[in-house]
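Descriptive structure summary
Residues per chain, in single letters:
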Amino acid sequence: MTATRALDLVWRRFVDLLPTRQDLTAMGRQPRRDLVAGLTVAVVALPLALGFGVSSGAGAAAGLATAIVAGILAALFGGSNLQVSGPTGAMTVVLVPIVAQHGPGGVLTVGLLAGLILVVLALLRAGRYVRHVPAPVVEGFTVGIAAVIFLQQVPAALGVPASAGEGVLAVAGHALRDFAAQPYWPVLALALGVAAMMLVGSHLRPTLPFSLIAVGVATAVAHYTRLDVAQVGALPATLPTPSWAFLDPGAVPSLLTAALAVAALAALESLMSATVADGMTVGQRHDPDRELFGQGVANLVTPLFGGVPATAAMARTAVNVRSGARSRLAALSHAIVLALIMLTAAPLVAHVPLAALAGVLLATAVRMVEVRALAALARSTRSDALVMALTAIATLALDLVAAVGIGIVVAGALALRQIGRAARLEKVPLDLTDHHAAEEGVLREHMVTYRFDGPLFFVAAHRFQRELSEVDDVRVIILRMSRVSTVDGTGALVLRGAIEDLEQRGIAVFISSVAAGHERALTAVGVLDRLRKAGRVVADTRTAIAAGRAHLHHTGALLETEPVTD
């Protein structure tokens, strides 16, 4: 392929990922419903954006800038009509160690690199592969993230400084120790009060924005009672001017690993969120590659405005759908409302206690865990329960991308084990209706038929070889391949070894009903060529029995009686 041809393909692929006229037309069909949904999501998103910005270590302003810029760009360029993007708890978990090691500038550089990676993944059509992540991995991942978010908020909820450079378990443990040494109960009461108001209020009146109400009440209480609490700090009255000043080209190589982790998390969380949104609606289907492209564009631009890496937010997307959103206008208007809040109410944010935002995130972590879904998966099979538990533990103990990788590998290994167990080598009766009674007994004595059922691959192949090695006291064995679903190299090699072992013991092997798609693997290892030259690869079982009968007659094991009736 010439360079010109390659560039032309890339350009056409890029054009296919851009917004279409249909996207713009859909935004004008039910604008009132979409605007109401956008306003509702903005009210829910405001405290979350502030909280996740603070929790990431980049600051409340970074969280709000991310919600605005990424919210607009992902809504315009993404592959889902209903997705809402911004800072999320899962991304916060990844960003905390990056901030600690490289500072805020490192986080912005990581976001830029992650955006480039996501755009490349979109051009390579990689979005479809994320759909195959097993449900136990997703649920375990969610539980692990919820636990990490919860533990991250313990220092702020207790009103003690967080120790830097340690895992969340150690940070939470040190915070509890410091609080026990010098407790200040009003801060803890404030955080728990916000969390309780959100959890109870959302249960009683799910349509009301209890996160914003709770933060407002907590701010008023802290102000009028003059509690000694740390506060968020003032926000800028406008979004910062786009700037590349944060970018340090020399730090790029050391940040590539972190950027890959951020890109992988953004792709995983965004596509899973889009799938959930599709399931909550009728007639909505997202384009996974366009979704990756939209998240890539969002993460390319957001760092220029001081924002942290973003991804789709499951909770905000769910609120958007439940509020009646029908097009991208809802997510777009949510970001615009947040921008108006920044312009008009930025000074008020300076009075919000950190403990109040910690309470919001504590409640968010609790609400992330779907107890019914977890219980259903835990009851389904032991394999699902194991995968879910391992993924959750790995998320808590390691990093998120490694946890998903471990979950997928373990789930795949257990699935292969189950498939291997389901594969069978079954002895089947000989169909001798065309043969005379005089020779039937001899044929049954010297000939046996086995049928492979399922995949002939590395998991089950050696068990098949062991079972065939136990065949004895026969002179002809027919292997029926009609129900073989797939053959890999290991299965073909093991089959060749089994056939050679049988032939060394004087047993002639006939193979019948080999599917065309399986011949390549069997021929590559030399299974078919030699048998085909000897006339032992036949079309069906009846032909194999006739060929086996002829072999027995040729070796003298069967005396000719009367001609075989066809």
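**Topic: the overall build of the chain**
Check the secondary structure of the chain and you find 24 helices and 7 strands. Against the compact-globule benchmark of 24 Å for 566 residues, the chain has a radius of gyration of 32 Å, which places it well outside the compact range. Considering only C-alpha atoms, the chain reaches an extent of 110 × 60 × 50 Å along its principal axes. Residues classed as buried in the chain amount to 49% of the 566 residues present. Taking the intrachain contacts of the chain between residues at least 6 apart in sequence as the baseline, contacts between residues at least 24 apart amount to 83%. Roughly 26300 Å² of accessible area belongs to the chain as shown, and the carbon and sulfur atoms make up 62% of that amount. For the chain, the centre of its 43 positive side-chain charges and the centre of its 38 negative side-chain charges are spaced 9 Å apart.

**Considering the confidence of the model for the chain**
With 94% of its residues at a pLDDT of 70 or more, the chain has an overall mean of 84. Here residues 562–566 is modelled with pLDDT under 50, and outside its nearest four sequence neighbours on either side it reaches 9 contacts, counting other chains as well.

**What about the nonpolar core?**
The tendency in soluble globular proteins is for nonpolar side chains to be buried as a group. Judged by nonpolar contacts, the single largest core of 104 residues is most densely connected at Leu-50, Leu-64, Val-262 and Leu-338. Sort the elements by how many residues they give to this core and helix α5 (residues 89–123) lands first, with 15 residues. Dropping the residues within four chain positions of it, Leu-64 is found in contact with Leu-46, Ala-49, Leu-50, Leu-235, Leu-338 and Met-342.

**Describing helix α6 (residues 135–152)**
The end-to-end C-alpha separation of α6 is 26 Å, in line with the 26 Å expected for 18 residues at 1.5 Å each. With 14 of 18 residues buried, α6 is to be regarded as a mostly interior element.

**Considerations on the sheet that holds strand β3 (residues 424–428)**
Taking strand neighbours across the sheet as the criterion, the 5 strands line up as β3-β4-β5-β6-β7 in an open arrangement whose pairing is mixed. The strands lining the two open edges of the sheet, one partner per strand, are β3 and β7 (537–538). Examined bridge by bridge, strand β4 (residues 447–456) and strand β5 (residues 476–487) share 8 bridges and lie parallel to one another. Residue pairing for β5: Leu-456 is matched across the bridge by Val-487.

**Brief notes about the pattern of salt bridges**
One pass over the full model with this rule turns up 14 salt bridges. Across the salt bridge formed by Arg-290 and Asp-23, the nearest N and O atoms sit 2.9 Å from each other. Of the two residues, Arg-290 sits in helix α12 (residues 288–301) while Asp-23 sits in helix α2 (residues 21–26), which places them 267 residues apart along the sequence. The exposure class of Arg-290 is buried, given its relative accessible area of 8%. Residue classification places Asp-23 among the buried residues on the basis of a relative accessible area of 10%. One salt bridge in this structure joins Glu-426 and Arg-451, with 3.1 Å as the shortest N-O distance. Of the two residues, Glu-426 sits in strand β3 while Arg-451 sits in strand β4, which places them 25 residues apart along the sequence. Look at Glu-426 and you get partly exposed, because its relative accessible area is 30%. On the basis of relative accessibility, which here comes to 11%, the residue Arg-451 falls in the buried class.

**A closer look at the environment of Val-337**
Here Val-337 shows up in helix α14 (residues 328–349). Judged by relative accessible area, Val-337 falls into the partly exposed class, the value being 21%. The contacts of Val-337, once residues within four sequence positions are left out, are Leu-39 and Ala-42.

**Quick word on the pairing of β5**
Between the parallel elements β4 and β5, the chain passes through helix α20 (residues 458–469) in a crossover that is right-handed. The sheet contact formed by β5 and strand β6 (residues 508–512) spans 5 bridges and is parallel. Following the sheet pairing, Val-476 is matched in β6 by Ala-508. The parallel pair β5 and β6 is bridged by helix α21 (residues 489–504), and the resulting crossover is right-handed.

**Digging into helix α17 (residues 382–397)**
For α17, with 16 residues, the first-to-last C-alpha span of 22 Å sits near the 22 Å given by 1.5 Å per residue. Along α17, the residues classified as buried are Val-387, Met-388, Thr-391, Ala-392, Ala-394 and Thr-395. The arc that holds the buried residues of α17, viewed along the axis, is 165°, so those residues lie on one side. Turned more than 90 degrees away from the buried face of α17 sit Arg-382, Ile-393 and Ala-397, all of them exposed.

**Remarks on a nonpolar patch on the surface**
A cluster of nonpolar side chains, Leu-208, Ile-213, Val-217 and Val-221, forms an exposed patch at the surface whose accessible area comes to about 270 Å². As for its position among the elements, Val-221 is in helix α10 (residues 210–224). Judged by relative accessible area, which is 36%, Val-221 ranks as partly exposed.

**Examining unusual backbone geometry**
One non-glycine residue, Arg-125, lies in the positive phi region at around 60°. A relative accessible area of 40% means that Arg-125 is categorised as partly exposed. Here Arg-226, not a glycine, exhibits a phi torsion of approximately 55°, which is positive. Structurally, Arg-226 can be placed in the loop between α10 and α11 (252–279).

**Concerning the environment of Ala-358**
Mapped onto the fold, Ala-358 is located in helix α15 (residues 354–368). Once the C-alpha coordinates of Ala-358 and Gln-152 are considered, the two residues, 206 residues apart in sequence, prove to be 8.8 Å apart. Non-local contacts of Ala-358, meaning those with residues more than four positions away in its chain, are made with Gln-153, Ala-156 and Ala-157.

**Description of the packing of helix α16 (residues 371–380) against α17**
Interhelical geometry of α16 versus α17 gives an angle of 130° and a closest axis separation of 5 Å. Looking at the two axes, α16 sits oblique to α17. On α17, the residues that touch Leu-374, Leu-377, Ala-378 and Ser-380 of α16 are Asp-384, Ala-385 and Met-388. Split by residue class, the contact of α16 with α17 holds 5 nonpolar, 1 polar and 1 charged.

**Side note on the side chain of Glu-139**
The topology assignment puts Glu-139 in helix α6. Residue Glu-139 is classed as buried on the basis of its relative accessible area, which comes to 19%. Excluding anything up to four places from it in sequence, Glu-139 contacts Ala-373, Leu-374, Leu-377 and Met-388.

Cut-off values and rules
- Residues numbered from 1 in each chain as written.
- Predicted model: local features only at pLDDT ≥ 70, side-chain atom pairs only at ≥ 80, totals over all residues.
- Heavy atoms only, no water.
- Helix = DSSP H or I, 4+ residues; strand = E, 2+ residues; numbered from the N terminus.
- Rg over C-alpha atoms; globule rule 2.2 N^0.38 Å.
- Buried < 20%, exposed > 50% of the residue type's maximum accessible area, 1.4 Å probe, protein only.
- Contact = heavy atoms within 4.5 Å.
- Areas by Shrake-Rupley, 256 points an atom, 1.4 Å probe, with all protein chains shown as cover.
- Lys, Arg positive; Asp, Glu negative; His and termini not counted.
- Charge placed at Lys NZ, Arg CZ, Asp CG, Glu CD.
- pLDDT = per-residue confidence, 0-100.
- Core = buried A, V, L, I, M, F, W, Y, C linked by side-chain atoms within 4.5 Å.
- Expected span 1.5 Å × (residues − 1).
- Pairing = 2+ DSSP bridges.
- Salt bridge = Lys/Arg side-chain N within 4 Å of Asp/Glu carboxyl O.
- Right-handed = clockwise from strand over helix to strand, strands pointing away.
- Arc of directions from axis to C-beta.
- Patch = residues over 30% accessible without salt bridge, like charges linked within 9 Å, V, L, I, M, F, W, Y side chains within 5 Å.
- Axes fitted to C-alpha atoms, helices over the stretch in contact; angles between N-to-C directions.
- Parallel < 35°, antiparallel > 145°, perpendicular 65-115°, else oblique.
- Nonpolar A, V, L, I, M, F, W, Y, C, P; charged D, E, K, R; others polar.

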